[in-house]
Every structure is written in C-alpha cells, then in structure tokens.
Amino acid sequence: MSATPISRYDGVQVSGGVQVRMTADRVRRWEFGAASFARRGYDNADVDRFRVQVADELDLLATQIATLRAENERLTDRVELHRHGVIPSTGAAAKVPAAREVNLLSAAQREAEQIIAQAHDYARRVAEYARVQYESYLHAAEAEAKQEAERAVAEYRSAAGSSFDDTVATREALRIFGEMMVSHMQAAARHLDDGSEQLARTMDRIAAETPGAPFVGGVVGQSALPRHQQR
Amino acid sequence: MDAARLKQSWSVVAGHGDQVPLYFYSTLFLAHPETRQMFPTNMAGQRDRLVTALGHIVSNVDQVDQLVGFLQDLGADHRKFAVRAEHYPAVGEALVATLQHFLAEQWTDELAADWTAAYGLVAQVMMEAAQAAEAVNPPWWVAEIVAHERRAFDVAVLTVRPQYLLPFTPGQSIGVSHPSVRSWRYYSPANAPRADGTLELHVRAAPGGAVSSRLVYGSAVGDRIHLAAPVGDRLGLWSAGSSDLLLLVAGTGWAPVKALVEQVAAEGSRRRVDLYVGARSRSEFYDSDAIDKLASSYPWLTVTYVVGADVHRPGEFVQAVDRALADGDWRSRHVFVCGSDEMVSHAVRTLAQAGYHAGQVHHEGLGAQWYGPAWRTAAQQSGAGDTSGGGHR
C-alpha cells in the first residue's frame, strides 16, 4: 500500500506534467501556506486533525483496494480454471469460446471416453474369464465326484455279491457324490475368500491413495458382502 | 423461416458426424460450466441422442403439427434431467456456434436468422410442455429401496417404494436413476400394480453401466433412488386380445413378463400361458423360486427352463425359442419376447421363418431408440417419457 513513490514532499503541488497521486504520506506532510497577519488564517489544529483523518482514510482505502484486487485475481483464476480446466484462456472478449478451446476440450472428452471404454472392456473380459473358470471348475468337480461315486458302487457290488441292493447302492453313490461336491465347493469357497480379502486390501489401498474418490469407497463397502447373502 | 435452407444446411453439418455433437457440448460446457454436471462423464451415448433428436426435428421442421407432439414429450421428459427455462438460451447459443463453425463460409445472416427462429420455436414448445406437465406428474419420483437381494454375481432384485403413486401398466418400463449418477436406465417393474405402490425391479449389472452397477453393487435398503414416468406400449397385454400366450424370456427380460403373468392371474381369464425361461447356465436362473411358486399356484401356467450352454457341446447355444418351437406349434397364440437384443432378434427371426406373423409377436424396440422417430410412438401411449430397449440384458 502507498506504493506510489513520493518524489517531492516539500509542500509544493506539482502542476502540469505528471499528476502525483495523493497518498497518506503526501497528506501528512502537506504544508498549508501561512495565513497573513492581516487576515485570520486556518486554524492549525483543525488542519492537523483533517490531515490525520484524510491520511487514515487513504490508508484504509489503499488496504481495501489491495485486498479487493487480490480477491479479484483469485476469483478470475477460479473462473478460468472452471471454464478451461488447466487451459489458460486467451482474450475473454467473445462470449462464445474459441474453436481452439472447444476442440481441446473435445479431444480431452474423447480421450476420457476411450480410457473409460478400455476399462470397461477389461472388466468385461475379467468377468468372462472368471465365469469360464467357474464353469470348468464346477464341471471338473462334478466329473470327479461322479467317478468316485461310480467306483464306490462298483466296490460295493463286488463286495456284496448276491446281497447287492439297488437302493443301498444309490444311497451310497449319492452320499459320496454329495460329499465330494461339498468338499470341492468348500475348497473353492476358501479360495474365493482369500481372493476377496486380497481384493478388499487392494481396494482399500487404492481408496487411501485417491482421497475423494466416492465410487471406489462405495464399492469397498459393498464388495465385502459375505457370500451367503448371494445365491 | 426457409425450411429447405434449414434442411440443406443441416445435411452439410451432419456430414461431419460425431464431431458435431462433440463440438456442441464442448461449446456449451465452456460457455456455461455449470451445465457440465447435468451430464454423465461418458458422453458417447448422449451425443448420438442429440444428433438423432436434432435430425428428427430438422427433417420435420415444415410439418409443425407432427413435430409439436414430439417436442412436447421431449420437453416434459427433460424435466427429469432438472432442465430449467434458463438452460434453453444456453443450448441455443451453443447450437448456433456449432452450426457456424461447421458451415464456415456458408454461414450467412439469413441462415443465422432461420436457425435462431427455429430454435426459439422448439425451445418455446418444450418449455411450455414442461410447465404443463408439472400439473400432471412430478419431474421424477423419489423412491426408497425397501428390499435389496443379490440373486447372482451380477443380478439384484430390488423392491422400491415411491413417495407418490407411480401408475404404470404391466409391460411398461420406468426410468431409474441414482442421485449420484447423472444418467437414466429403463427397467420394467416385475409386478402388476400393487395396493401399496411398491415396484419390483430386476437389475443386471451391465459392464460399465453406471446406473446398473450402482443399483446392484452400490445401494442398500433405505437408499433413495429416482424414478421417471413409465414408457412403452409394445409389451402390453391388451395387444394380445383374449388369446392364449407363449412367453419367451431370457435373463432379466423375465421382469416385464412376470408382470404380465401377474396381470393374467388378476384378470382371471384362465387363458393358457406357456413360459420358456432361458439362461446361459443353471446358476443364472435368479428368480426360480418365484417362477416355481407361480407355476404351482396357477394350473394354466406351464414353465420350461432352457439352459443355453452345455459344457459337453461347447459352441452350441439353445435359446428359449428353439426349445419352444421344438416342443409344439403355437401359431394360434400371441407371443411375447423379452431379453437381450440378440435374444430378441434371434427369436423374432426364427418365429417369422416358422410362419408366425408380425402382428402376433410382441417385443420392445431394439437397442438405442432414444429421441428418434420411434421414441415418439413409444412415448405417446404413456403421455411423456422416453424409452430404451436395453434394460433387459
């Protein structure tokens, strides 16, 4: 504030040429001409009080202007940021944005959409891979369980000889088949739990690294759904 | 206003393809940054819709009586995007800037006047319709999720209760949006209208689907979602008269058909209904408890499950329509088909080849029919709204 340099403060007003701005200092140092003996001059006390008041007022105004200018610059920057992202604007004269800016934003939008599409495609492939894995695992488990059941029946048949009972054989086959499937499913469930824990840890790490990413946070909460809530 | 000049200039501009809507939206967002948050992050689908709607408007610009209905529906529908009167001039500015950019030296003062006048008219009709619609419907209904069941890895069945009654007809779709996502998807209620106004929604999380993923993975009982006015008349039971039915469904395409079955039960007409439910594998029958319950309650309903993929015969895929046609001759019946676009087109093709005529086969429009000529017919029956055939994958 009061940044204007004071070249002369000898009380002589500069006339013509450069207009020297009134500053608090200039007012404070201003020398009124002496009153003539014949006439009553200014009351010195009044003049001094006036000078102090004007100086204070100017100080206040200078401070306010500086504050407003800073605020104005900050807001202009904010508007620029909102309008153009990181792009600095050139000549805000026209209300309609320039083609160059428009095309830049369009390119950014396109690129964002490509990234989104790639992420979606990747997710789709992962899900498809998991589905195929799941089905082939289930298929293999079923085949193995069936084989075990058939072997048990064959063993029972050879052991039982003439006392062979169809219902006993069926019951035995179903029991072994069921046990095998249950143990396979339990193994798969343990496997999935490990994977899900690992995934949750990864998601937590990502969420911690990107503060203010609401969707990631939301998914973390939901991904921890125990499997028994699903069917 | 010179209609021929408008059409000619539009055809020049439209020749630039996706660049045109891209330029339009970028201009809009730069000049009015506050409008960006009204649109989803991914704008690809949005751009197609804009061009479709604009093309439809321009090509009918000299048949005002036909256009007015379309624009009124459009205006009423846009209330669900929280579009207000002050947004219309902003869109007009961006549209003119876009046309000017692509027409370059062909852009004249007369053309500018034509387009400004035409847009002014369009905006006025839409704004007036939006205001008139306020007296009929809310812009959207707030609904609370009262039940949320994960039925499969990617399928959830939700029960929602709208704050105000949301009237609909079985077979129609309603708009669904989550407050945190700025896009809408269409889902058919899987129930006939209930006394308590609750709706059952069957949602499959589509890869990259902002709304569907949020509904399946990111919402729970007590959450609030937004619903929009029902649309669609192609799956209505009225179009089948009183004849017996053959229902072919796959995946969450079961939802509107479940509503139809409930409606048949409610009307007490005792028509014969045969239902074929298709899925890729057995684990994807996400609503079999309810289906079995319906089958055991109603002697007129026969249900057949069709598992499409067989691990012993990879590469082959049996669809509901294939099994149904192998089982019998249904040509005296009306057929309702609902599922993915592929499933529906396969079924419609197969039925046509087997001698079924188009008037007896009912299905929703395929894929994107947003804001094009077909949207109007879909919306007409229900008064206001839009539709997407893509809700039942």
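Keep in mind the model is a prediction, meaning the values are calculated, not measured.

Colleague: How should the interface of chain B and chain A be read in this particular structure?
Modeller: Interface size is commonly expressed as the accessible surface area that is lost when the partners come together. Facing 24 residues of chain B, the contacting portion of chain A comprises 27 residues. Where the side of chain B that touches chain A is concerned, the elements lending two or more residues are helix H2 (19-31), helix H5 (87-103) and strand E1 (141-152) of chain B. If one sorts the elements of the side of chain B that touches chain A by residue count, H2(B) sits on top with seven residues. Looking at the side of chain B that touches chain A residue by residue, the class counts come to 13 nonpolar, eight polar and three charged.

Colleague: What exactly am I supposed to notice about the sheet that holds strand E3 (residues 173-177) of chain B here?
Modeller: Sheet strands associate in pairs through backbone hydrogen bonding, adopting either a parallel or an antiparallel arrangement. All names here are of chain B. Overall, antiparallel pairing links the six strands, which are arranged E4-E3-E6-E1-E2-E5 in an open sheet. Strands with a single pairing partner mark the edges of an open sheet, and in this sheet they are strand E4 (185-187) and strand E5 (199-204). Going from strand to strand, the sheet's axes swing by 40° on average, the running direction of each strand aside.

Colleague: Looking at this structure, I do not really get the environment of B:Asp223. What am I missing?
Modeller: Residues and elements named next belong to chain B. Mapped onto the fold, Asp223 is located in the loop between helix H7 (210-217) and strand E6 (224-231). By C-beta crowding, Asp223 is classed as partly exposed, having 18 other C-beta atoms within 10 Å. Note: C-alpha distance between Asp223 and Pro179 (44 residues apart in sequence) is 9.9 Å.

Colleague: Before we go on, may I ask you to explain helix H4 (residues 166-209) of chain A in this structure?
Modeller: Spacing of three or four residues puts side chains on the same side of an α-helix, whose turn is 3.6 residues. The first and last C-alpha atoms of H4(A) sit 64 Å apart over 44 residues, in line with the 64 Å expected at 1.5 Å per residue. H4(A) sits mainly on the outside: zero of its 44 residues count as buried.

Colleague: How do you make sense of the sheet that holds strand E9 (residues 301-307) of chain B when you look at a structure like this?
Modeller: Residues and elements named next belong to chain B. Reading across the sheet, the five strands line up as E9-E8-E7-E10-E11 and stay open at both edges, with parallel pairing between neighbours. Unpaired on one side and paired on the other, E9 and strand E11 (361-362) mark the two borders of the sheet. In terms of strand pairing, strand E7 (residues 245-250) meets strand E8 (residues 273-279) through six bridges, oriented parallel. Bridge pairing links Ala250 to Gly278 in E8.

Colleague: Explanation requested: the pairing of E8(B) in the structure shown.
Modeller: Both faces of the sheet carry side chains from a regular strand, because those side chains alternate between them. All names here are of chain B. Among the seven residues that make up E8, seven are buried, leaving the element largely enclosed by the rest of the structure. Side chains Val273, Leu275, Val277 and Ala279 project from E8 onto one buried face, and the interleaved Asp274, Tyr276 and Gly278 project onto a second face that is buried too. Where the polypeptide runs from E7 across helix H8 (residues 254-267) and back to E8, its parallel neighbour, the crossover connection is right-handed. Note that E8 and E9 share seven bridges and pair parallel.

Colleague: Sorry, what's going on with the pairing of E1(B) here?
Modeller: Residue and element names in this part refer to chain B. As paired strands, E1 and E6 are joined by four bridges and run antiparallel to one another. From the neighbouring strand, Trp141 faces E6, where its bridge partner is Leu227. Pairing of E1 with strand E2 (residues 155-162), which is carried by eight bridges, proceeds in the antiparallel orientation. In the sheet register, Ile145 faces E2, and the bridge partner there is Val160.

Colleague: Explanation requested: the nonpolar core in the structure shown.
Modeller: As a rule of thumb, soluble globular proteins bury nonpolar side chains together. All names here are of chain B. Residues Leu227, Leu247, Leu248, Val249, Val277 and Phe336 are the most contacted members of the largest nonpolar core, which totals 67 residues. When residues no more than four places from it in sequence are discounted, the contact partners of Leu227 are Trp140, Trp141, Ala143, Pro162, Leu166, Ile174, Gly175 and Val176. In this structure, Tyr23, Tyr25, Ile57 and Leu95 belong to the second largest nonpolar core, which totals 32 residues.

Each value, and the rule that gives it
- Residues numbered from 1 in each chain as written.
- Chains lettered and ligands numbered in written order.
- Predicted model: local features only at pLDDT ≥ 70, side-chain atom pairs only at ≥ 80, totals over all residues.
- Contact = placed C-beta atoms within 7 Å.
- Helix = DSSP H or I, 4+ residues; strand = E, 2+ residues; numbered from the N terminus.
- Nonpolar A, V, L, I, M, F, W, Y, C, P; charged D, E, K, R; others polar.
- Pairing = 2+ DSSP bridges.
- Axes fitted to C-alpha atoms, helices over the stretch in contact; angles between N-to-C directions.
- Buried ≥ 20, exposed ≤ 12 C-beta atoms within 10 Å, placed from the backbone.
- Expected span 1.5 Å × (residues − 1).
- Right-handed = clockwise from strand over helix to strand, strands pointing away.
- Core = buried A, V, L, I, M, F, W, Y, C linked by C-beta atoms within 7 Å.

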